[in-house]
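Residue-level listing of the chains:
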Amino acid sequence: MTRTPGQGTSGDGTTDPARPETSVDGRAPAQDTSRDLTGGRVRPARRNPGADPDREQSRSAGSSLRFGYGTNGLADLRLDDALALLADLGYDGVGLTLDHMHLDPLAPDLAARTRRVAHRLDALGLGVTVETGARYVLDPRRKHGPSLLDADPDDRARRAGLLVQAVRVAADLGAHAVHCFSGVVPDGTDEDTAWKRLAETLTPVLDAATAAGIPLAVEPEPGHLLATLADFHHLRRTLGDPEPLGLTLDIGHCQCLEPLPPADCVRDAAPWLRHVQIEDMRRGVHEHLPFGDGEIDFPPVLAALAATGYQGLTVVELPRHSHAGPHFAARSLPFLRRAAASAAPHGDPSATPEGSRTP
């Protein structure tokens, strides 16, 4: 399989008046939710649709999209503070990366801690996606290690175990998907072997996703084995197109290395779309940039995304800007809302040339 080069490897909300606002240290139980494996096309049950008139006004202006912000870009904030910030800013949800500082998946009492976070999300009216891209959550010495591709089967099982745990957390939170990625091909491993390991190691995770009714959304990541949309389809066919297997589409990654413009990538990905990440980026350089600092023309992209009927979260992904996370969270949402509002609701989303443009 041909590998396309790219440098690197690797959301003003108020509380529900019917419920007291409770911090993540509270003890209120989570609600049960109903889900199905269409993932991104189903509005999560854990929503407070009347909480923020600004959100509804933004949608009535022409966008059905729901914007979130990733906690990996708010790593210096306590989780409770991060969630409150995003609700206050008007985000619809959060991309929650399971990490040592935010709902640690390896620390004791995970079920109880998850219930508290679920109640907090519910009180704030925030939807959620569970993301699994923490850099050192499993190994303090290896970034994103171990991976689904490691030579040691016990190491691969540790990564699969984390993903199974993430599926359970997602079910308890009422999340619309669990995000993951393949990992980098280890030195000395040929691609055929790597693809075989990936398919075998993901099988128990997909079984857990089926049982929980939570889609597993695999992200094409520059520099990884599964780097492109074509690679995602290769995995899908290899596994026999299992129902819970979906796609995380990162808009910046499309600009970085896909042969088609990002808006066309959105249309092509629509049947499998379960989660969306968004940031600016330049062609051939895998560097997540604040909006307006890269080359992406966002109105056509957001128009294409809205046209697919996607109703999951579109999550801002700026992990390397965490040192100024509140600033970039405050800046990003107005940008996205302007871009969505300026997109022609009935025009051809691909009619505007791709290029750097700030609404």
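As a reminder, the structure under discussion sits directly above these lines.
Computed from a prediction, not measured in an experiment: that's the story for all the values here. (Residues numbered from 1 in each chain as written. Predicted model: local features only at pLDDT ≥ 70, side-chain atom pairs only at ≥ 80, totals over all residues. Heavy atoms only, no water.)

(A) The arrangement of the pattern of salt bridges in detail. All told, the structure shown has 9 salt bridges when counted by the stated rule. A salt bridge links D264 to R267; its shortest N-O distance comes to 2.4 Å. Of the two residues, D264 and R267 are both situated in helix α8 (residues 262-269); the distance of 3 residues between them amounts to about one turn of the helix. The residue R331 makes a salt bridge to D293 at a minimum N-O spacing of 3.9 Å. Pair noted here: R331 is in helix α10 (residues 325-342) and D293 is in the loop between β9 (285-289) and α9 (298-307), with a separation of 38 residues, a long-range link. In the salt-bridge network here, residues are joined through shared partners; they are D139, R142, D150, D155 and R158. (Salt bridge = Lys/Arg side-chain N within 4 Å of Asp/Glu carboxyl O. Helix = DSSP H or I, 4+ residues; strand = E, 2+ residues; numbered from the N terminus.)

(B) How the structure looks around α9. Most of α9 sits inside the fold, with 8 of its 10 residues counted as buried. Where α9 is concerned, the buried positions are F298, P299, P300, V301, L302, A303, A304 and L305. Looking at the residues trailing α9, positive phi occurs at G309, about 85°. (Buried < 20%, exposed > 50% of the residue type's maximum accessible area, 1.4 Å probe, protein only.)

(C) Highlighting the nonpolar core. Grouped together as the largest cluster of nonpolar side chains are 82 residues, with contacts concentrated most on Y69, L103, V130, L173, L198, L202 and L249. The dominant element in this core, judged by the number of residues it contributes, is helix α4 (residues 153-173), at 9 residues. With residues up to four places along the chain from it excluded, the contact list for L198 reads L148, L149, S182, L225, L226 and L235. (Core = buried A, V, L, I, M, F, W, Y, C linked by side-chain atoms within 4.5 Å. Contact = heavy atoms within 4.5 Å.)

(D) Here's a closer look at the packing of α9 against α10. α10 packs onto α9 with a crossing angle of 75° between their chain directions and a minimal axis gap of 8 Å. Classified by the angle between their axes, α9 and α10 sit roughly perpendicular to one another. Facing F298, P299 and L302 of α9, the residues of α10 in contact are F335, L336, A339, A340 and S342. Partitioning the contact of α9 with α10 into residue classes produces 7 nonpolar, 1 polar and no charged. (Axes fitted to C-alpha atoms, helices over the stretch in contact; angles between N-to-C directions. Parallel < 35°, antiparallel > 145°, perpendicular 65-115°, else oblique. Nonpolar A, V, L, I, M, F, W, Y, C, P; charged D, E, K, R; others polar.)

(E) Region of interest: the side chain of Q277. The topology assignment puts Q277 in strand β7 (residues 273-278). Judged by relative accessible area, which is 1%, Q277 ranks as buried. Each residue touching Q277, except ones within four places of it in the same chain, is listed here: E131, H179, E219, T248, L249, D250, I251, V315 and E317.

Just geometry here; none of it tells us what the structure is for.
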